[in-house]
Structure formats: C-alpha cells, structure tokens
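Residue-level structure breakdown
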Amino acid sequence: ISFEDLKEKTRDKEWLYDYIDELEEDLRLLKDMTPFLAVTYIRKSVGYNAFLSEYARIRKLKEEELTDVLEELQETARGYDTYEEWFDFMRRYTEELKAQSESRNQGKQGVVISTLHSAKGLEYERVFLIDVNDGVIPYKKAVKTEELEEERRMFYVGMTRAKEELILTTSGDPSVFLEDLPEESLLRESADKRK
C-alpha cells in the first residue's frame, strides 16, 4: 500500500486524510510488537474494544461473549515473539480441533442447530437457512450501509458452510439478498407450497 498515494487522493477530505495518517502510524508501530502486545494495542489504542461494545449494543448481543473470544485470542498470543510463530500455532491448533471433531463425529448422524455467528469456520454436508426473509436476513433494524453489509457478510458465511447442498427457505417476503444470487442456483419454494 502506498500511503502517499492514498493521502494524495484524500488531501481535500481532511477527516479521511487524518485516518489514513493514523492507520499508517498504527501499522508502523504494530510491525515491531509481539503478537500479545499487538492485540493489546489494537484493542485499546486503535479502539477495537469500543467498536465491539457498540457492535454488541446495535446487534443486541452480550458484549461479554464477544470480549471473551477476544481475550482467549489475546491469551493465545502470549509467549510468541513473532506473528509467524503465533499463526503457526493457531493453524496447528485449528487442525487438531478439526481432527478431534471428525473422529468424535464419525458414524454419528444428527442435526446441528446454529446461529450464523456460531457457524463460522464449520462445514456441513447439507445446510438449511430458514427464514431468508426481509426483516430477518437482513435484520429489520439493520439500516445503515455498514450494518447491511455485515448482514450480507453473515448471510454469505451461512451459505458457505454447505459442502454439498444448500437449501434456503422463505415464508414471507424473500430477502433482498436473494436478488444477488444467480437465478439458476436457487430453488425457491414458499412455505405455502409445502403444506
């Protein structure tokens, strides 16, 4: 990234210019920090804790659930001198968890009911996304552009959990997000038709 080019393009937008200046300084400082210090810096100095608090408030989530995950992540960074060591640890740990899950679930059959948030990183042969309706996906209180984009991102997360088959159902006004999908990939069937 050429920060000089970015600054040149935003010179007439002082507020944006200042953000780019701050980002450049943050990245310069982060480059030489240990992973633990970097996460601490991002949380406190960059303002990620404040962002999570606001995000939880808007989404009506428990802030502790988000900060607990972040604190666990931060603790995994303790003791590593480089990002490469820390990322290698996370990769190995993720592979180990996946192997344990696969061995535990071998031969088992069942249904997993999950939120879009808690399904991140998981995969299933078949995924049903129910109530892909306006007001649900995207949530009716998501009105700002960034809120709608987050809703769109979570919808994408849900769809990409399916390895073999994805089934989307609606029981009212279909979600506007369905308009973004190729028509031939959709099998639209309303709840009325199934009765």
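Please refer to the structure placed before this passage.
Read on for a plain summary of the structure. Because the structure is a prediction, the values reported are computed rather than measured.

1. A closer look at the overall build of the protein chain
Across its full length, the protein chain carries eight helices and two strands. Along the protein chain, helices (α) and strands (β) appear in the sequence α-α-α-α-α-α-β-α-β-α when read from the amino end. Relative to the 2.2 N^0.38 estimate, which gives 16 Å for 195 residues, the radius of gyration of the protein chain is 21 Å and therefore markedly larger than a compact globule would have. For the protein chain, the spread of C-alpha atoms along the principal axes amounts to about 60 × 50 × 30 Å. Of all 195 residues assigned to the protein chain, the portion counted as buried reaches 24%. Counting only carbon and sulfur atoms, one obtains 53% of the accessible surface of the protein chain, whose full area is about 14700 Å². Counting 31 positive and 45 negative side-chain charges, the protein chain places the centres of these two groups 4 Å from one another.

2. Some points on the environment of Tyr 93
Among the secondary structure elements, Tyr 93 is positioned in helix α6 (residues 83-105). Note: C-alpha distance between Tyr 93 and Phe 128 (35 residues apart in sequence) is 29 Å.

3. Some words on a negative patch on the surface
Side chains of Glu 63, Glu 64, Glu 65, Asp 68 and Glu 72 sit close together on the surface and give a patch of like negative charge. Position of Glu 64 relative to the elements: it lies in helix α5 (residues 63-77). A relative accessible area of 48% means that Glu 64 is categorised as partly exposed.

4. A word on the packing of aromatic side chains
A complete count under the given rule lists eight aromatic pairs for this structure. Above the face of the Phe 36 ring, Arg 78 is positioned so that its terminal group lies 4.0 Å from the ring centre.

5. Here's the deal with unusual backbone geometry
The omega torsion across Ile 137 and Pro 138 is 5°, close enough to zero to call that bond cis. Within the secondary structure, Pro 138 sits in the loop between β1 (124-129) and α7 (145-159). For Asp 131, which is not glycine, the phi torsion reads 55° and is therefore positive. Topologically, Asp 131 is positioned in the loop between β1 and α7. Owing to a relative accessible area of 31%, Asp 131 belongs among the partly exposed residues under this scheme.

6. Describing helix α4 (residues 48-59)
Along its 12 residues, α4 runs 16 Å from first to last C-alpha, staying within 8% of the 16 Å computed at 1.5 Å per residue. Restricting attention to buried positions, one finds in α4 the residues Leu 52, Tyr 55, Ala 56 and Arg 59. On an axial view of α4, the arc spanned by its buried residues comes to 100°, and they lie on one face. Exposed and oriented more than 90 degrees from the buried face of α4 are Ala 50 and Arg 57. Looking at the buried positions of α4, the neighbouring elements they touch are α5 and α7. Of the residues one or two after α4, Lys 60 is the one with positive phi, at around 60°.

7. Quick notes on the side chain of Arg 161
Residue placement: Arg 161 occurs in the loop between α7 and β2 (162-168). Within the structure, the side chain of Arg 161 is placed 2.7 Å from the side chain of Thr 160, a separation counted as a polar contact. Aside from chain neighbours lying at most four places away, what touches Arg 161 is Ala 119, Lys 120, Gly 121, Leu 122, Glu 123, Tyr 124 and Val 127.

8. Considering a nonpolar patch on the surface
Where nonpolar side chains cluster on the molecular surface, the patch consists of Ile 42, Val 46, Tyr 48 and Phe 51 and spans about 340 Å² of accessible area. Note that Phe 51 resides in helix α4. Among the residues examined, Phe 51 registers a relative accessible area of 46% and is labelled partly exposed.

Reading the values: rules and limits
- Residues numbered from 1 in each chain as written.
- Predicted model: local features only at pLDDT ≥ 70, side-chain atom pairs only at ≥ 80, totals over all residues.
- Heavy atoms only, no water.
- Helix = DSSP H or I, 4+ residues; strand = E, 2+ residues; numbered from the N terminus.
- Rg over C-alpha atoms; globule rule 2.2 N^0.38 Å.
- Buried < 20%, exposed > 50% of the residue type's maximum accessible area, 1.4 Å probe, protein only.
- Areas by Shrake-Rupley, 256 points an atom, 1.4 Å probe, with all protein chains shown as cover.
- Lys, Arg positive; Asp, Glu negative; His and termini not counted.
- Charge placed at Lys NZ, Arg CZ, Asp CG, Glu CD.
- Patch = residues over 30% accessible without salt bridge, like charges linked within 9 Å, V, L, I, M, F, W, Y side chains within 5 Å.
- Salt bridge = Lys/Arg side-chain N within 4 Å of Asp/Glu carboxyl O.
- Phe/Tyr/Trp six-rings, centres within 6.5 Å; stacked < 30°, edge-to-face > 60°.
- Lys NZ or Arg CZ within 6 Å of the ring centre and 35° of its normal.
- Expected span 1.5 Å × (residues − 1).
- Arc of directions from axis to C-beta.
- Contact = heavy atoms within 4.5 Å.
- Polar contact = N/O pair within 3.5 Å; in protein donor to acceptor, adjacent residues only side chain to side chain.

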